[in-house]
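Residue-level structural notes
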Amino acid sequence: MAGLHELLCNNCGLEFKGFDPLRKLKRTPVKRTESGPNQRRFPRYKVHLPAAICLVERDPLTWDVAYTQRSRGHCETISQIGLALSFVGSRFAEDQLTRPGCSLFVTVTLPVGAISAVVSIVYWNRLGSKGKSGWLVGTTISQTSDADAARLAAYIKKRAQTEPYLALD
């Protein structure tokens, strides 16, 4: 076909075939400056808030949900889309927390009231001597009520006005 040429995506450099009869499209990707490591979609704030953490167990056949016994911990950082939690993992086995798609039910006590959410673990690390005493997990919020989402947004807005956000790698 006349006008069908190999083109190059300006964002990722992927080659593809496209219609360019006058050959006006260039084959070089756009030069963009690297984004800094501290740029985030939502700012994070360092906090030290009490949290109650339960492991979410789902039956693969019926999709029924059950929660394990609560473990106490702390919310170390907070943002609009996620939390970093630290806790002693005596109630949770390592294979439970490190399996793909692991979910936790978390209740964080904010100064304006408690929020509850189902979170998915995206990062985990063992803390302490020989890596056996506690956990630090980074999570993203999977599910929360509208009222809790509004309470979290109000808390973060108030934090943004009073102090700068935490820039992490």
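Attention now moves to the packing of aromatic side chains. If you walk through the whole model with that rule in mind, you get 2 aromatic pairs. Centroid distance Tyr67 to Phe105: 5.0 Å. Interplanar angle 35°. Geometry classified as tilted. Of this pair, Tyr67 sits in strand S4 (residues 65-67) while Phe105 is found in strand S7 (residues 103-110), placing the two residues 38 residues apart along the sequence. Taking the centre distance of 5.7 Å and the plane angle of 85° together, the rings of Phe87 and Phe92 count as edge-to-face. Here Phe87 matches Phe92 in class, with each residue buried.

As a further point, take helix H2 (residues 146-162). Between its first and last C-alpha atoms H2 spans 25 Å; for 17 residues at 1.5 Å apiece the expected length is 24 Å, and the two agree. Summarising the contacts, the buried residues of H2 are in contact with strand S3 (45-58), strand S5 (71-78), S7, strand S8 (113-127) and strand S9 (134-144).

Another point: the pairing of S3. Bridge count for S3 against S5 is 7 bridges, and the pairing is antiparallel. Paired with Lys46 across the two strands is Thr77, which belongs to S5. Pairing geometry for S3 and S7, over 5 bridges, is antiparallel. Bridged to Ala51 within S7 is Val108. What sits between the antiparallel neighbours S3 and S4 is a turn of 6 residues, in which Trp63 has the positive phi angle 60°.

Calculation rules
- Residues numbered from 1 in each chain as written.
- Predicted model: local features only at pLDDT ≥ 70, side-chain atom pairs only at ≥ 80, totals over all residues.
- Heavy atoms only, no water.
- Phe/Tyr/Trp six-rings, centres within 6.5 Å; stacked < 30°, edge-to-face > 60°.
- Helix = DSSP H or I, 4+ residues; strand = E, 2+ residues; numbered from the N terminus.
- Buried < 20%, exposed > 50% of the residue type's maximum accessible area, 1.4 Å probe, protein only.
- Expected span 1.5 Å × (residues − 1).
- Contact = heavy atoms within 4.5 Å.
- Pairing = 2+ DSSP bridges.

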